[in-house]
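Chain and residue survey
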Amino acid sequence: MSITKDKIDLTRLPQHIAVIMDGNGRWAKQQGKMRIFGHQNGVGAVRAISEAAAELGVKYLTLYAFSTENWNRSSIEVDALMKLLSKTISEELDTLNNNNIRLNAIGDLERLPKYNYDALIDTIEKTKNNSRMTLTLCLSYSGRWEITQAAKMIAEKVKSGELQTEQIDEKCFSTFLNTKDMPDPELLIRTSGEERLSNFLLWQLAYSEFYFTDKFWPDFGKEDLYEAIVDYQSRERRFGKTSEQLIDKK
Ligand code: IPE
Ligand code: IPE
Ligand code: MG
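Notes on the structure in this doc start here. (Residues numbered from 1 in each chain as written. Chains lettered and ligands numbered in written order. Predicted model: local features only at pLDDT ≥ 70, side-chain atom pairs only at ≥ 80, totals over all residues. Heavy atoms only, no water.)

A separate point is the pairing of strand β3 (residues 101-106). Counted residue by residue, β3 has five buried out of six residues, so it is predominantly covered. Where β3 meets strand β4 (residues 133-141), six bridges bridge the pair, whose relative direction is parallel. Looking across to β4, one finds that R102 is bridged to T134. (Buried < 20%, exposed > 50% of the residue type's maximum accessible area, 1.4 Å probe, protein only. Helix = DSSP H or I, 4+ residues; strand = E, 2+ residues; numbered from the N terminus. Pairing = 2+ DSSP bridges.)

Glancing now at the site of ligand 1. Contacts to ligand 1 come from M21, D22, G23, N24, G25, R26, R35, H39, A65, N70, R73 and L81. Side-chain polar atom of R35 to an oxygen atom of ligand 1: 2.8 Å apart, as the coordinates give it. Coverage of ligand 1 by the protein chains reaches 87% of its 380 Å² of free accessible surface. Considering every element that reaches the shell around ligand 1, the biggest residue donor is helix α2 (residues 24-30), with three residues. For the shell around ligand 1, the per-class residue count stands at three nonpolar, five polar and four charged. (Near = heavy atom within 4 Å. Polar contact = N/O pair within 3.5 Å; in protein donor to acceptor, adjacent residues only side chain to side chain. Areas by Shrake-Rupley, 256 points an atom, 1.4 Å probe, with all protein chains shown as cover. Nonpolar A, V, L, I, M, F, W, Y, C, P; charged D, E, K, R; others polar.)

A word on unusual backbone geometry. Even without being glycine, S192 reaches a positive phi, approximately 85 degrees. Since its relative accessible area comes to 6%, S192 is described here as buried. Here the phi dihedral of L201 falls at roughly 30 degrees; this positive angle occurs in a residue that is not glycine. Note that L201 resides in the loop between β5 (187-190) and β6 (209-212).

Once that is clear, we can look at the nonpolar core. Counting residues in each nonpolar core, the largest one holds 43 residues, and the members touching the most others are I17, L61, I189 and L225. The element best represented in this core is helix α3 (residues 35-56), accounting for seven residues. Those residues in contact with I17 that sit more than four places away from it in its chain are V58, Y60, L61, T62, L187, I189, L225 and I229. Counting residues in hydrophobic clusters, the runner-up holds 11 residues, among them Y64, I106, W145 and L205. (Core = buried A, V, L, I, M, F, W, Y, C linked by side-chain atoms within 4.5 Å. Contact = heavy atoms within 4.5 Å.)

Right, let's get into helix α9 (residues 222-233). Along its 12 residues, α9 runs 17 Å from first to last C-alpha, staying within 8% of the 16 Å computed at 1.5 Å per residue. The complete set of buried residues in α9 reads D224, L225, Y226, A228, I229, Y232 and Q233. Summarising the contacts, the buried residues of α9 are in contact with α1 (3-6), β1 (16-20), α3, β5 and β6. (Expected span 1.5 Å × (residues − 1).)

Before going further, it helps to examine the layout of surface pockets. By volume, the largest pocket is sized at about 860 Å³. M21, N24, Y64, A65 and F66 are the residues nearest the centre of the largest pocket, which is lined by 41 residues in total. Secondary structure elements with two or more residues in the lining of the largest pocket: α2, α3, β2 (60-67), α4 (75-91), α5 (93-98), β3 and β4. Among the residues making up the lining of the largest pocket, the classes are represented as 17 nonpolar, 13 polar and 11 charged. Quantified by volume, the second largest pocket comes out at close to 250 Å³. Taken together, 13 residues line the second largest pocket, and the ones lying closest to its centre are L177, N178, T179, K180 and D181. The element contributing the most residues to the lining of the second largest pocket is β3, with four residues. Of the residues in the lining of the second largest pocket, the class split is six nonpolar, four polar and three charged. (1 Å grid on protein atoms, 1.4 Å probe; cavity = no way out; pocket = protein on both sides within 12 Å on 5 of 7 lines; lining within 4 Å. Points joined across faces, edges and corners; volume = space filled by probe spheres on them.)

Here it is, written out as structure tokens:
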């Protein structure tokens, strides 16, 4: 067991960790390789982080794999990414089952190529009874898209009389989001040195702790996850109150 892992207080683990897996392209470029080489090597990091999170006892791990805006990349990169995604989703079925991890996906999934969508649904179906951790892939996802979808669904319900305007509060609104069955992430990790949200989980990250690292995603390993959690556990989450108020309550 590593020293960092020992420093984690398992009684205060984040239940839900969200990750913006960034830097695959730069990782490849550094080695004079094509961008897709970076994406291929990012798969290993997904496997390592999923296993590490499940082993620790994290209940939800949510990974930003492909954003709405990523459709604007070259068709060569988009095609290669879609193929890599479906191949990985199918190949990882045994690992997911061996680790008792349930696969989930959120985003505008209908925009995905059919072969990709089918592979995704197949693995989701075959892992649906796993209970140790839910691994959510965000595909063709963006926070603004999700919130707009929710607004449309709510408008339809009000129009049909199923919902009254007065009933719409934050709790009600969040039941129309793709993440309705999950708690909000306590911790957000972004790799590659970029410090922005890039349209990720805009509603759900309202009070999350952010952790940024310069490491590119393919280099992000178990130890790095442990380090992020240790850092998270050193923060004081005040939710608008003062430090004194929190100490008084103890
Ligand atoms: C993240 O790595 C993966 C996806 C967005 C699909 P990038 O592809 O954004 O890598 P950089 O940021 O260009 O290095
Ligand atoms: C965000 O990364 C999306 C994913 C990690 C899937 P990007 O690399 O696309 O973000 P920006 O465009 O640099 O902000
Ligand atoms: Mg990037």
